[in-house]
Every structure is written in C-alpha cells, then in structure tokens.
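# Report on the structure
Listed here are the chains, written in short residue letters.
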Amino acid sequence: MAGIYELRRYGKAALLVTAAAMVALFLYISNGLVHDLSMQERDRMEIWADATKQIINIGSADEPSAVDLDFLLGIIERNTTIPVLLTDDEGNILQYRNLDLPDKSGDGEFGELSDANLQFLNNKLSELSSTPNVIHIVIAPQTMQHLYYEDSTLLKRLSYYPYVQLLVMLAFIAVVYFAVLSTKKAEQNKVWVGLSKETAHQLGTPISSLMAWMELLPDMGVDSDTVAEMNKDVNRLSMIASRFSKIGSRPKMEMCDLNAVAGNAASYMSSRISPRISLDVSLCDGVLEVSACAPLFEWVMENLIKNAVDAIGQSGRIGVTTFSENGMAVVEVTDSGKGIARKNFKTVFNPGYTTKSRGWGLGLTLAKRIVEQYHGGEIFVKDSTVGAGTTFRIELPIVSAL
C-alpha cells in the first residue's frame, strides 16, 4: 500500500510541474503580446515626434504648405490614447496631451494652468524621465526637444491582464481542488463508518456466545484464575465492539485524567506483548484534566503501542510519557523500532498505508480521526530516525486552561 502513496506523490509532483510549465508558457505568450503592442506604440510616438519636427520646420519656412501642415496636425490630433509631454533642452514643458490633470477649471492652455496642474505635469515629467519612453527630436544642430510618453491605458491593462487571469485561474483550481477533496473525505468517512459499524455488528454474536460459555466454565472444573483472565479478554472484546459502534457518531465526552487513561492502556498492553520488549511508563505528577472519551482514547493508545511492537520486532523498548506544555496535555509514545522516513511522517495517517504484510492500514487513520475530530487535539510524528526509532505525540487541551 505504501507504493500507492509514492505514486500519488509523484503524480502530484508531475501535475504541479505541468501546471507550472503551462503558466510559464501562458505568461510568455502574454508578455510577448504586450511587448509587441509596446513597440507599436513607440513607432506611433516616433511618427508623432517626426510630425512635430516637420511642423516646426514648416513654421520656419518662407512659404509653408497648408496641405502638409494639415496632414501633420492631423497626426498630432489623432493621438488620443498615449499620454505625452514635450520639453526643450532645459526641461521646460512645451506641450502635453492625454494627461488627466487634477484641476479641471483651466481651459487646457499651458500658459493658463493652475499651480496644481503645473505641479502635476512637473511630477509626471520627473517620473517619465526615469523610464526608457523618451524620443529625442533634433530640430537644429544646437536645438533639441524631448518627447516623453507613457504607456496607454490599453497597454497597462494588457500588462496586468495575464496576472489577473492567473490569479483567477489559481482561485478556480483551488476551489475545485478543495471541493473534490471535501467530497473524497466525505466518501471516505462513509466507508469508515459503515465498516466500523458492520464490524461491531459481526462481533456482537460471537462475543455474546463467549460470555455464555464463560459462565459454564467454572462448573466444568476450569481453574478460576484462568476463567478470570479469559473473562478479561472477553470483556475487552466487548469494549472493542462498543468502540467500533461509536465511530460515526459523536461520543460522550467526560472530564478525566489523561494520566489514568494512558496508564490503563499501557497496563493492559504490558501483559500482552513479548517479555523481550520492555514497556516503560512515566506519568507526570498531578492531574492532566481533559475532556475525552476514555474508551476511544485508550484505543488510540493501544494502536500506538501495537504499532510500536510491530516496528520493534523481536526485542526493544517502548516508552509512554505524559506531561503538560503550553496549556496542552501531552502523551508521547516512543519506540526503538525501524523508524519512519521523514517523507512519510504525514502519509502514515492515510487510510490503507501500511508496511506490514497483513492489516488494512486503518489504525493510525482512525486514531487521527478520534484525536483531532472528536477530542479537538492533534496527533503527529514528532521525530523518527530510520533504524533508530519513532516518537508519536498526542496533544489535548487541558480543561482548566480553556
């Protein structure tokens, strides 16, 4: 089952790479279009500058041509989209066009501009002087004028459009992704709930039969100590069936001491694991009062301890430790087993993930559901080294700190 998650990981990586390549291609094409439009606007400004030069030359001629003058003025007038400023060598503004002046009271003639409009034009000139959008017009060997222009509104919009479209695309993908993820989780929840309740139902009949046989064993001469131990296991089976039946419904939460719950689970497991595996329990002083469903939380502890036993194999050590930290009650289960690769720290909680030849890989999935959805806590792999061991950590809010 671990191979499935490896394939999913590589599939996600391939999807991200493909998406990044498509976005890069999209931005490249869009930026190319913006660049082409920018070059077209510069060509228009070159023509505008040339028309300005010709008008000046016509004005200095002895017999100016009315036809040529009208044609050149038409070129000037047809620029209704590109903001321009024309200055002399000393930086004096000679002409402006297509600029949205802040003071609308003037008649548009430069000589009658208000102080606010003059300040605006000077600020605009200072801003455009730091850009490459300037064309130098040689009027005479010792005389030059300078045409500064700003990108048109259309060009500005087109330059922003690819990024706006990219954000919309990412937002759409995110909405679809989370919608699909929510649907998938809802379907998984239905499967786990159905599986759990069916398991509880199937266990009910043989457990009831075993309970009846347990009452007959003393009359059949079976040793009372043996009957007592067997009765413990039958009761444990009954509790397990009850736990499965609670999956899918909100369990009853009660105030309890996390020390006692963790200690009970460890005590039960200590007599049911190999004597070559030591189970060390270190409970903190005082009471760790939490709101919990004790039977379900004991189930979580048993799953962690059983997983530790499987990871250790023949011999080793398991440690169960409780303490408080930052208003949280903490339980840590440490083993000296084979460890978990860092890339699988989150994957181990996925349904179906298992490195064992048997089992469905649901233990840690259900443990995560119980801790996080029912108890409002958190369970995660705190630390693990391949070949050295693993530490699982559970955090629950302390009631007195709420």
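Here is a short report on the structure shown in this document.

## Section: the pairing of strand S11 (residues 389-397)
Where burial is concerned, most of S11 is hidden: eight out of the nine residues are buried. Relative to S11, strand S9 (residues 328-335) is paired through eight bridges, and the arrangement is antiparallel. Across the sheet, the residue bridging to Met 328 is Pro 397, located in S11. Strand direction decides the pairing type here: strand S10 (residues 378-385) and S11, joined by seven bridges, are antiparallel. Its bridge partner being in S11, Phe 380 is matched across the sheet by Arg 393. Between S10 and S11, which pair antiparallel in sequence order, lie three residues; one of them, Gly 387, sits at a positive phi of approximately 90°.

## Topic: helix H8 (residues 363-374)
Each α-helix winds once per 3.6 residues, and so residues spaced three or four apart point in a common direction. Taking 1.5 Å as the rise per residue, H8 with twelve residues should run 16 Å; its terminal C-alpha atoms sit 16 Å apart, in good agreement. Every buried residue of H8 is listed here: Leu 364, Thr 365, Leu 366, Ala 367, Arg 369, Ile 370, Val 371 and Tyr 374. Where H8 ends, the next residue or the one after it, Gly 376, has phi of about 65°, a positive value.

## Some thoughts on the environment of Val 193
Relative to the elements of secondary structure, Val 193 occurs in helix H4 (residues 153-216). A residue is classified by how much of its surface remains accessible, and Val 193, at 18% relative accessible area, is buried. Sequence-wise, Val 193 and Ser 245 are 52 residues apart; in three dimensions their C-alpha atoms are separated by 8.6 Å.

## Let's talk about the packing of helix H6 (residues 258-270) against helix H7 (residues 294-312)
Any two packed helices are characterised by how steeply their axes cross, that is the angle between the axes, and by the distance between the axes. Viewed as axis vectors pointing N to C, H6 and H7 meet at an angle of 50°, and their least axial separation amounts to 9 Å. Judged on the interaxial angle alone, H7 and H6 are oblique. Crossing hand, H6 versus H7: right-handed. Contacts between H6 and H7 involve Leu 258, Val 261, Ala 262, Asn 264, Ala 265, Ala 266, Tyr 268 and Met 269 on the former and, on the latter, Ala 294, Phe 297, Glu 298, Met 301, Glu 302, Ile 305 and Lys 306. The class makeup of the residues in the contact of H6 with H7 is eleven nonpolar, one polar and three charged.

Conventions adopted
- Residues numbered from 1 in each chain as written.
- Predicted model: local features only at pLDDT ≥ 70, side-chain atom pairs only at ≥ 80, totals over all residues.
- Heavy atoms only, no water.
- Buried < 20%, exposed > 50% of the residue type's maximum accessible area, 1.4 Å probe, protein only.
- Helix = DSSP H or I, 4+ residues; strand = E, 2+ residues; numbered from the N terminus.
- Pairing = 2+ DSSP bridges.
- Expected span 1.5 Å × (residues − 1).
- Axes fitted to C-alpha atoms, helices over the stretch in contact; angles between N-to-C directions.
- Parallel < 35°, antiparallel > 145°, perpendicular 65-115°, else oblique.
- Left-handed = near helix turned anticlockwise from the far one by under 90°.
- Contact = heavy atoms within 4.5 Å.
- Nonpolar A, V, L, I, M, F, W, Y, C, P; charged D, E, K, R; others polar.

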